[in-house]
Amino acid sequence: SVPIRWLGTCRKGDARSIGKKLTLSAEAMLIALIGGAATSFYSLETVGNELERSTVRTARRLALAGNIKAGANGMRTGQRGILLNALQKDAVGMEKTRKDYLVRYQNVAALIAEIKPLLENEQGRTVTDTLESLVNRHAESFREVSVLCEAGKLEEAGALYRKHGIPVGTAMEASASDLMGVETDLMQIG
């Protein structure tokens with residue numbers, strides 16, 4: 001305990017200087033507290049924005065890859081369909097199958113064009129380039145099979161389908177699955 005007589009020995013200037021020091025200390029602590037809060041808020045907001053951006057981007061790529069895979073499957077179905085239509089001598093069905101195939105092909109090509117700028121690693125870009133090439137080769141195979149079917153050359157159409165259509169279609173679908181795998185792995189990592 002401080003003796004009361006010591007308090008009496010403090011000069012007026014000392015009390016003011018202690019008061020000023022206490023006030024300055026309190027102000028400095030308040031400024032530091034406000035600065036720390038602002039920095040924390042900014043950091044949390046930045047991390048939150050980055051998390052949202054990367055999650056949304058990854059989810060978008062994964063959705064596109066899934067739609068590409070579904071479209072590739074539909075393209076394969078269309079190539080088999082044109083052969084079945086020709087075997088049944090169904091001219092209306094052949095025309096509908098051609099139109100459906102064209103729409104599927106255009107959709108897959110558009111999805112590939114959309115996913116390309118979003119890809120963030122070399123593996124994804126390589127798989128997508130391979131997939132794009134296979135999609136175009138499959139479309140060319142479909143066109144050739146379709147022309148042979150239209151001309152009534154079903155044996156030739158079937159042989160071409162077995163020689164080119166099936167292998168390219170299988171590779172196209174496998175490549176679409178590979179793209180899904182790349183994007184799924186990225187989602188699990190990051």
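Scroll up a little and you will see the structure.
Residues numbered from 1 in each chain as written. Predicted model: local features only at pLDDT ≥ 70, side-chain atom pairs only at ≥ 80, totals over all residues. Heavy atoms only, no water.

Draft legend 1. Expanded view of helix 3 (residues 91–115). With 25 residues, helix 3 should cover 36 Å at 1.5 Å per step; its first-to-last C-alpha distance of 36 Å lies within 8% of that length. Every buried residue of helix 3 is accounted for by G93, M94, T97, R98, Y101, V108, L111, I112 and I115. (Helix = DSSP H or I, 4+ residues; strand = E, 2+ residues; numbered from the N terminus. Expected span 1.5 Å × (residues − 1). Buried < 20%, exposed > 50% of the residue type's maximum accessible area, 1.4 Å probe, protein only.)

Draft legend 2. Representation of the nonpolar core within the structure. If you look at the biggest cluster of nonpolar residues, it comprises 33 residues, and the most contacted ones within it are I68, L131, V145 and L179. Excluding anything up to four places from it in sequence, L131 contacts I68, I112, M172, S175, A176 and L179. (Core = buried A, V, L, I, M, F, W, Y, C linked by side-chain atoms within 4.5 Å. Contact = heavy atoms within 4.5 Å.)

Draft legend 3. Highlighting the pattern of salt bridges. Per the stated rule, a full pass over the model turns up twelve salt bridges. The salt bridge partner of E114 is R60, with a shortest N-O separation of 2.2 Å. One end of the pair, E114, is in helix 3; the other, R60, is in helix 2 (residues 12–87), with 54 residues separating them in the sequence. For E114, a relative accessible area of 34% corresponds to the partly exposed category. Salt-bridge contacts for R76 lead to E173; the nearest nitrogen and oxygen are separated by 2.8 Å. Note that R76 is positioned in helix 2 and E173 in helix 5 (residues 154–189), a separation of 97 residues in sequence. (Salt bridge = Lys/Arg side-chain N within 4 Å of Asp/Glu carboxyl O.)

Draft legend 4. Region of interest: helix 4 (residues 122–150). Between its first and last C-alpha, helix 4 extends 42 Å over 29 residues, near the 42 Å set by a 1.5 Å rise per residue. The N-terminus of helix 4 is capped by N121, whose side-chain oxygen sits 3.4 Å from the backbone nitrogen of Q123. G152, located one to two residues past helix 4, shows a positive phi value of around 80 degrees. (Polar contact = N/O pair within 3.5 Å; in protein donor to acceptor, adjacent residues only side chain to side chain.)

Draft legend 5. Focus on the side chain of Q79. Position of Q79 among the secondary structure elements: in helix 2. Residue contacts for Q79: discarding those within four places in its chain leaves Y101, H138, S141, F142, V145, Y161 and G165.

Honestly, it's all geometry; don't read function into it.
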